[in-house]
Amino acid sequence: FQTCSSSFDECAVGWECPLVHGVRCSPRVRLDREDVQHLLVGIWSTPSSHWLLGDYVLMPDHLHFFAAPRSPTSLPLKNWMKWWRQEASKQWPRPEEAPIWQRDYWDRQLRHDESYTEKWHYLRHNPVRAKLVASAEDWPFQGRIHPLTL
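All values derive from a computational prediction rather than experimental measurement.

Chemist: Looking at this structure, how should I read helix α2 (residues 77–91)?
Modeler: Owing to its 3.6 residues per turn, the α-helix aligns residues three or four sequence positions apart on the same side. Given a rise of 1.5 Å per residue, 15 residues ought to cover 21 Å, and the 21 Å separating the end C-alpha atoms of α2 matches this to within 8%. Of all the positions in α2, only Leu77, Trp80, Met81, Trp84, Arg85, Glu87 and Ala88 are classed as buried. In an axial view of α2, the angular spread of the buried residues amounts to 155°, which keeps them on one side of the axis. Along α2, the residues that are exposed and aim more than 90 degrees away from the buried face are Lys78, Lys82 and Lys90.

So, in structure tokens, the structure goes:
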């Protein structure tokens, strides 16, 4: 049984310590677009990605996702975040919107006594709370790439 250190950048093995992430885009960018979703899912799904992405939701101006390191030798979180944001920026469907991402992001490690399901339920209802849809199931800009659990 692997556990995580107190430093997110030293998080050890795969599904043992999923993190919740929040990333903001620049004000002129919208993330709730099919081409953006396709691009991001493609980057996050690539075998060269050092982290596994679980559930995600794209909001107009930010995104949330759960992620965990693919292996004990995965890139540190900070490096992986930089990598996928750079890849997305290079391939962005509307280059005139650059820069795409705000510099900072936030993350929070799920503890073993916390419920991934409860956290996901809360995050996937962001579009409902923002009055973008009546039901979370109606929001097309969400999904799961890899199943992650504690």
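Chemist: Teacher, can you tell me more about the layout of surface pockets here?
Modeler: Remark: the empty space left among the atoms is shown by a probe the size of a water molecule rolled over them. Of the voids in this model, the largest pocket is the one considered here, and its volume is about 250 Å³. Around the largest pocket, the lining comprises 13 residues; the ones closest to its centre are Lys82, Arg85, Gln86, Gln102 and Arg103. Broken down by secondary-structure element, the contributors of at least two residues to the lining of the largest pocket are α2 and β4 (101–109). No other element matches α2, which puts six residues into the lining of the largest pocket. Across the lining of the largest pocket, the residue classes break down as four nonpolar, four polar and five charged.

Chemist: Looking at this structure, I do not really get the packing of helix α1 (residues 34–45) against α2. What am I missing?
Modeler: For any two helices packed against each other, the geometry is given by the interaxial angle and the distance between the axes. The contact between α1 and α2 brings their axes to 10 Å, and the two run at 140°. Considered as vectors, α1 and α2 are oriented oblique to each other. As for how α1 packs across α2, the hand of that crossing is right-handed. Contacts between α1 and α2 pair Leu39, Leu40, Ile43 and Trp44 from the former with Trp80, Trp83, Trp84, Glu87, Ala88 and Gln91 from the latter. Looking at the contact of α1 with α2 residue by residue, the class counts come to eight nonpolar, one polar and one charged.

Chemist: Would you mind going over the packing of aromatic side chains with me for this structure?
Modeler: The geometry of an aromatic ring pair is captured by the separation of the ring centres together with the interplanar angle, meaning the angle of the planes. This model, assessed by the stated rule, comprises 11 aromatic pairs. A ring pair is formed by Trp80 and Trp84, whose centres lie 6.3 Å apart and whose planes are at 55°; its orientation type is tilted. Here Trp84 and Trp80 lie together in helix α2, a separation of four residues that amounts to about one turn. Residue Trp80 shares its accessibility class with Trp84, and that shared class is buried. An aromatic cluster is built from Trp44, Trp51, Tyr56, Phe65, Trp80, Trp84, Trp92 and Trp101, whose rings are joined through pairwise contacts.

Chemist: Would you take a moment to explain helix α3 (residues 116–124) for this structure?
Modeler: Taken residue by residue, α3 has Tyr116, Trp120, Leu123 and Arg124 as its buried positions. Axial view of α3: buried residues confined to an arc of 90°, hence all on one face. The exposed residues of α3 that point more than 90 degrees off its buried face are Glu118 and Tyr122. Elements that come into contact with the buried residues of α3 comprise β1 (19–25), β2 (51–58), β3 (62–69), α4 (126–129) and β5 (142–144).

What counts as what
- Residues numbered from 1 in each chain as written.
- Predicted model: local features only at pLDDT ≥ 70, side-chain atom pairs only at ≥ 80, totals over all residues.
- Heavy atoms only, no water.
- Helix = DSSP H or I, 4+ residues; strand = E, 2+ residues; numbered from the N terminus.
- Expected span 1.5 Å × (residues − 1).
- Buried < 20%, exposed > 50% of the residue type's maximum accessible area, 1.4 Å probe, protein only.
- Arc of directions from axis to C-beta.
- 1 Å grid on protein atoms, 1.4 Å probe; cavity = no way out; pocket = protein on both sides within 12 Å on 5 of 7 lines; lining within 4 Å.
- Points joined across faces, edges and corners; volume = space filled by probe spheres on them.
- Nonpolar A, V, L, I, M, F, W, Y, C, P; charged D, E, K, R; others polar.
- Axes fitted to C-alpha atoms, helices over the stretch in contact; angles between N-to-C directions.
- Parallel < 35°, antiparallel > 145°, perpendicular 65-115°, else oblique.
- Left-handed = near helix turned anticlockwise from the far one by under 90°.
- Contact = heavy atoms within 4.5 Å.
- Phe/Tyr/Trp six-rings, centres within 6.5 Å; stacked < 30°, edge-to-face > 60°.

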